[in-house]
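Observations on chain architecture
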Amino acid sequence: MTERVHYEGCVLATMQNVREPYGLIYDASIVVEGERIVWCGPRTDRPSSYAAERTIDLGGRLVTPALIDCHTHLVYGGNRAREFERRLQGATYEEIAFEGGGINATVTATREASDQELLASALRRADRLIAEGVRVIEIKSGYGLTISDEIRMLRIARRIEKERPVSVKTTWLAAHAVPPEYENRSDAYIDEVVLPGLKRAHEEQLVDSVDGFCEAIAFSPAQIERVLDAAKRLSLPVKLHAEQLTDQKGALLVARHHGLSADHLEYLSADDIPAFSASGAVAVLLPGAFYVLKEKKRPPVERLREAGVPMAVATDCNPGSSPITSILTVMNMACTFFGLTPEEALAGTTCHAAKALGIDGDHGTIAPHMYAEFAVWDLEHPSELSYEIGASPLHTVCSHRAQS
C-alpha cells in the first residue's frame, strides 16, 4: 500500500496562479501519496480523511517547488578563461568567434575529452545546481558538431540523472555553430550532420526537444527553419536561441512552429511581441550571458510583461558566455539587470521554467497531482531567494519521485 506522508509547519509558496503573491500559504500542510501531491493548503483546513502514516514537521521553513534550470550547456570539455581575459581587454564575442575561438574552441576540447572526463566535469556543475534546490536540468548538445560527438553528448547528459537526484531533459543543438571542416559550407553541414544526426538521436530516444542558434554568426532563419521542420516531422518540440546579438526574427520562427520557448531575446522587436505572445511560447531570459558579455541591450521585459508572456530564467551554463552554475545568482541578476520582481524570478525558475520544457503538468508548482518534489529553505519569505548573493539557504529537497 502507498504510504501517505504529511509535511506541515511551513510557509508554502505554491507558485500557482492565484491572487496571493507567490501563492503563499502560512502554517501550511502538504499531503503526499506515492510520487504525487494529493492535497495542500492551510494545515487547519486539511480534511480529516487524509490520515497520515508519517508526519514531518518542517519547522516553519519556507517551501517552494524544486527549482528548474531550463537552459544549460552543461556537458563540455575545457574552459575559455583566456577568452574571458580577451573580452576584458576589448575583444567582442563576434571577433573571438571569427578568429576560431568561441564555440569552436570548446568543440575541439569536447571532441578530445573522454566520456569519463566529460561526465565528471558535468557532474561537478550539476552538483552546484543541485545544492541550490534544482531538480530538473535541461542540457543541450552543440559542442560536438559531428553526428557521433553530438549523440555522445546526449548520452552523457542522460547519464547524469542516473548518477544524481535530478531529472535531465536533453536538447539537440547541432545547429549551434559551423565546425571548421564545414567552413563556408553551412548548408552542407545542415544536410550532412544536423538533419541526419537528429533523426538518429530520435531513433535512439536521446532527444526531448530541438534547438538552434539563429544568429548572424551562426545560422540564418531559412537554415533554422529547415531544422524546425525536421523536428516537426519527428513530433519533437522546438525552441530557439533567438535575438541575442541581432534581430533575426527567431522569435517569430518559434511562434510559427508553436515552439516551447525563445531564449535570450535582447534584440526582440516590440512589433514581434504580439505574435510571440499569441503562440503561448515562453521567453527564457539569460542574464548570465548578458552579464559576462557586458551587453547593454536588455530584453523588452516590460513589453513582454504587458503582453502576458511567461518569462523563465535560466543559467545558460556554458564555458564561454555564461560560466555560471548558480540558479540563485541568476535570479538576482534577472531582478537587478532586467527588472523582474522576485516573484517573477521565482516563477521563472519554477512554473514558467516547467512550461519552457513542456513539463508543467508535473513540475513547477505545488498542487494536487503534481510530483511531490519541493525545496525547503532556511528562509522566512520567498523574496529572500533573489535577494541574497552567495548564500546557501537550502535546507533540503523533499522528493518522492522515482529516479530513472
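Comments concerning the overall build of the protein chain
Helix and strand counts for the protein chain come out as 15 helices and 14 strands. Taking 404 residues into account, the globule formula puts the C-alpha radius of gyration at 22 Å, and the protein chain, at 21 Å, falls close to it. In terms of overall dimensions, the protein chain has a C-alpha envelope of 70 × 40 × 40 Å along the principal axes. Considering the protein chain as a whole, with its 404 residues, one finds that 59% of them fall into the buried category. Across the protein chain, the mean location of the 41 positive side-chain charges is 2 Å away from that of the 56 negative side-chain charges.

Structural notes on the packing of aromatic side chains
The tally for this structure, following the rule as stated, stands at seven aromatic pairs. Taking the centre distance of 5.1 Å and the plane angle of 75° together, the rings of Phe 290 and Phe 338 count as edge-to-face. Within this pair, whereas Phe 290 is found in helix α10 (residues 287–292), its partner Phe 338 is found in helix α12 (residues 327–338), the two being separated by 48 residues in sequence. As far as burial versus exposure is concerned, Phe 290 and Phe 338 are alike and both buried. In this structure an aromatic cluster arises from ring pairing among Phe 290, Tyr 291, Phe 337 and Phe 338. For Arg 125, the ring lying beneath its charged end belongs to Tyr 76, and the centroid distance is 3.6 Å.

A look at the packing of helix α5 (residues 147–163) against helix α6 (residues 186–203)
Viewed as axis vectors pointing N to C, α5 and α6 meet at an angle of 40°, and their least axial separation amounts to 9 Å. Classified by the interaxial angle, the pair formed by α5 and α6 is oblique. Note on packing geometry: the crossing formed by α5 with α6 is right-handed. Counted together, Ile 147, Ile 151, Leu 154 and Arg 155 of α5 and Glu 192, Val 193, Pro 196, Gly 197, Arg 200 and Ala 201 of α6 form the full contact between these two elements. Among the residues making up the contact of α5 with α6, the classes are represented as six nonpolar, one polar and three charged.

Regarding the sheet that holds strand β12 (residues 311–313)
If you trace the eight strands from one edge of the open sheet to the other, you get β5-β6-β7-β8-β9-β10-β11-β12, paired in parallel fashion. This sheet does not close on itself; its edge strands, each paired only once, are β5 (67–69) and β12. Put simply, the sheet's adjacent strands are angled 25° from each other on average, direction ignored. Where strand β8 (residues 209–214) meets strand β9 (residues 239–242), two bridges bridge the pair, whose relative direction is parallel. In the sheet register, Phe 213 faces β9, and the bridge partner there is His 241.

Focus: the pairing of strand β2 (residues 24–33)
Burial of β2 is extensive: seven of the ten residues sit out of reach of the surface. Here strand β1 (residues 4–13) pairs with β2 via eight bridges, running antiparallel. In the sheet register, Val 5 faces β2, and the bridge partner there is Val 32. Pairing analysis gives six bridges linking β2 to strand β3 (residues 36–42), with the strands arranged antiparallel. Paired with Ala 28 across the strands is Pro 42, a residue of β3. Counting the residues that bridge the hairpin from β2 to β3 gives two residues, and of these Gly 34 lies at a positive phi of roughly 60°.

Considerations on the pattern of salt bridges
Overall, the coordinates contain 24 salt bridges when judged by the stated rule. Residues Asp 149 and Arg 152 are paired through a salt bridge, measuring 3.4 Å at the closest nitrogen-oxygen approach. In this pair, Asp 149 and Arg 152 are both assigned in helix α5, three residues apart and thus about one turn of the helix distant. Of the two residues, Asp 149 and Arg 152, neither departs from the other in class, the shared state being buried. Between Glu 204 and Arg 155 there is a salt bridge, with its nearest N and O atoms 2.7 Å apart. Here the residue Glu 204 occupies a position in the loop between α6 and β8, and Arg 155 occupies one in helix α5, the gap between them amounting to 49 residues. Relative accessible area serves as the criterion here: at 38%, Arg 155 is assigned to the partly exposed category. A network of salt bridges, in which partner residues are shared, links Glu 138, Lys 140, Asp 211 and Lys 239.

Re the state of the cysteines
Counted according to the given criterion, the structure contains zero disulfides. The thiol of Cys 40 is not disulfide-bonded; the next cysteine sulfur, from Cys 10, is found 9.4 Å away.

A look at the confidence of the model for the protein chain
Residues with a pLDDT of 70 or more make up 100% of the protein chain, whose mean pLDDT is 95. When mean pLDDT is taken per element in the protein chain, β5 scores highest with 99 and helix α2 (residues 93–98) scores lowest with 76.

Describing helix α7 (residues 221–233)
Along its 13 residues, α7 runs 18 Å from first to last C-alpha, staying within 8% of the 18 Å computed at 1.5 Å per residue. Those residues of α7 that are buried are in contact with β7 (167–175), α6, β8, β9 and α8 (250–256). Just downstream of α7, Ser 235 is the residue with a positive phi angle, here 60°.

How each quantity is defined
Residues numbered from 1 in each chain as written. Predicted model: local features only at pLDDT ≥ 70, side-chain atom pairs only at ≥ 80, totals over all residues. Heavy atoms only, no water. Helix = DSSP H or I, 4+ residues; strand = E, 2+ residues; numbered from the N terminus. Rg over C-alpha atoms; globule rule 2.2 N^0.38 Å. Buried < 20%, exposed > 50% of the residue type's maximum accessible area, 1.4 Å probe, protein only. Lys, Arg positive; Asp, Glu negative; His and termini not counted. Charge placed at Lys NZ, Arg CZ, Asp CG, Glu CD. Phe/Tyr/Trp six-rings, centres within 6.5 Å; stacked < 30°, edge-to-face > 60°. Lys NZ or Arg CZ within 6 Å of the ring centre and 35° of its normal. Axes fitted to C-alpha atoms, helices over the stretch in contact; angles between N-to-C directions. Parallel < 35°, antiparallel > 145°, perpendicular 65-115°, else oblique. Left-handed = near helix turned anticlockwise from the far one by under 90°. Contact = heavy atoms within 4.5 Å. Nonpolar A, V, L, I, M, F, W, Y, C, P; charged D, E, K, R; others polar. Pairing = 2+ DSSP bridges. Salt bridge = Lys/Arg side-chain N within 4 Å of Asp/Glu carboxyl O. Disulfide = S-S within 2.5 Å. pLDDT = per-residue confidence, 0-100. Expected span 1.5 Å × (residues − 1).

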